[in-house]
Amino acid sequence: MTLTHSCNTPWADNWLVDTGDDPPLHNGLSSFGKMVLAEMNRLGMIVDLAHVSVETMKAVLNLSKAPVIFSHSSAFTLCQNRRNVPDDVLKMVASTDSLVMINFYNNYVTCRDTATLADVAGEAGAWAGGEGGSVPPDPARPIPSAPTDHMDHVKKVAGAQCVGFGGDYDGVM
């Protein structure tokens, strides 16, 4: 369960705090938020940090008794969208065995309002059924692709065990 979406809750600050569009209410988690997190841990619920502020990310990663997920976020270093995960938080993800599931939404991968299949999947997208034919690319000459860059970055900073595929369930994958 996500702790916020695009508004602050009585227990946590959302990502719009980091853009300046929303004021911080709790500087991460409120006292009630710490109780919510403890109860989620007790119940065995998966805590999703995809829509929270950086301070909320840090508070949860410091307090959670179980690994957490970012169900659809990417690497902030590669695309400075505030929904993405900064490197200092990626290091905390590694130390807690948590998971960042790379989002394929153009604004989180290319930092632009538009994207093509090539922006999202590089030339490998053509190989996967488009005009590129049925032969995979030459492994000796890897083709860069935006999500792979994000996946590689998270892998380098947090470790291979901390990266996965993610997406919103509103038609964006």
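What you see is a predicted model, and the numbers here were worked out from it, not measured in a lab.

**Things to note about the overall build of the protein**
Here is step 1: Across its full length, the protein holds eight helices and three strands.
Here is step 2: In the protein, the order of α-helices and β-strands from amino to carboxyl end is α-α-α-β-α-β-α-α-α-α-β.
Here is step 3: Per-residue burial over the protein gives 47% buried out of 173 residues.
Here is step 4: Long-range contacts, defined here as pairs at least 24 residues apart, represent 58% of the contacts in the protein between residues at least 6 apart.

**Points about helix 4 (residues 87-95)**
Here is step 1: Those residues of helix 4 lying buried are Val89, Leu90, Met92 and Val93. Each buried residue of helix 4 sits inside an arc of 160 degrees when the element is viewed along its axis, so together they form one side. Across from the buried face of helix 4, at angles greater than 90 degrees, the exposed residues are Lys91 and Ser95.

**A closer look at the packing of helix 3 (residues 54-63) against helix 4**
Two quantities define a packed helix pair, namely the angle between the axes and the distance from one axis to the other.
Here is step 1: Two elements in contact, helix 3 and helix 4, have axes separated by 10 Å at closest approach and are oriented at 20 degrees. Taken together, the axes of helix 3 and helix 4 are roughly parallel relative to one another. The handedness of the crossing between helix 3 and helix 4 is left-handed. Listed contacts from helix 4 to Val54, Met57, Lys58, Leu61 and Asn62 of helix 3 are Asp88, Val89, Met92 and Val93.
Here is step 2: The class makeup of the residues in the contact of helix 3 with helix 4 is six nonpolar, one polar and two charged.

**Focus: helix 2 (residues 31-43)**
Here is step 1: Between its terminal C-alpha atoms helix 2 stretches 19 Å, which fits the 18 Å expected from 13 residues at 1.5 Å a residue.
Here is step 2: Burial in helix 2 covers these residues: Gly33, Val36, Leu37, Met40 and Asn41. Buried residues of helix 2 fall within an arc of 135 degrees about the axis and therefore sit on the same side. More than 90 degrees from the buried face of helix 2, the exposed residues found are Ser31, Met35, Arg42 and Leu43.
Here is step 3: Residues of helix 2 that are buried make contact with helix 3.

**Examining the packing of aromatic side chains**
Here is step 1: Within this structure, the stated rule accounts for two aromatic pairs.
Here is step 2: Ring plane angle 65 degrees and centroid distance 5.1 Å describe the contact between Tyr105 and Tyr108, whose orientation is recorded as edge-to-face.
Here is step 3: Residue Tyr108 is classed as buried on the basis of its relative accessible area of 8%.

**A word on the pattern of salt bridges**
Here is step 1: For the coordinates displayed, the defined rule picks out two salt bridges.
Here is step 2: Between Arg42 and Glu39 there is a salt bridge; the shortest N-O distance is 2.6 Å. One end of the pair, Arg42, and the other, Glu39, are both in helix 2, three residues apart, so they sit about a helical turn from each other.
Here is step 3: Accessibility expressed as a relative area gives 35% for Glu39, which makes it partly exposed.

**So, the sheet that holds strand 1 (residues 69-73)**
Here is step 1: Within the open sheet, the three strands sit side by side as 1-2-3. Their pairing is parallel. Each edge of the open sheet is held by one strand with a lone partner, namely strand 1 and strand 3 (163-165). Taking the axes of each pair of neighbouring strands and ignoring which way they run, one obtains an average angle of 25 degrees across the sheet.

**Description of unusual backbone geometry**
Here is step 1: The phi dihedral of Asn27 is positive, around 50 degrees, even though this residue is not glycine.
Here is step 2: Its location among the elements puts Asn27 in the loop between helix 1 (16-19) and helix 2.
Here is step 3: For Asn27, a relative accessible area of 60% corresponds to the exposed category.
Here is step 4: At Asp97, a residue that is not glycine, the phi angle is positive and equals roughly 55 degrees.

Cut-offs applied
Residues numbered from 1 in each chain as written. Predicted model: local features only at pLDDT ≥ 70, side-chain atom pairs only at ≥ 80, totals over all residues. Heavy atoms only, no water. Helix = DSSP H or I, 4+ residues; strand = E, 2+ residues; numbered from the N terminus. Buried < 20%, exposed > 50% of the residue type's maximum accessible area, 1.4 Å probe, protein only. Contact = heavy atoms within 4.5 Å. Arc of directions from axis to C-beta. Axes fitted to C-alpha atoms, helices over the stretch in contact; angles between N-to-C directions. Parallel < 35°, antiparallel > 145°, perpendicular 65-115°, else oblique. Left-handed = near helix turned anticlockwise from the far one by under 90°. Nonpolar A, V, L, I, M, F, W, Y, C, P; charged D, E, K, R; others polar. Expected span 1.5 Å × (residues − 1). Phe/Tyr/Trp six-rings, centres within 6.5 Å; stacked < 30°, edge-to-face > 60°. Salt bridge = Lys/Arg side-chain N within 4 Å of Asp/Glu carboxyl O. Pairing = 2+ DSSP bridges.

All we've got here are geometric facts, nothing functional implied.
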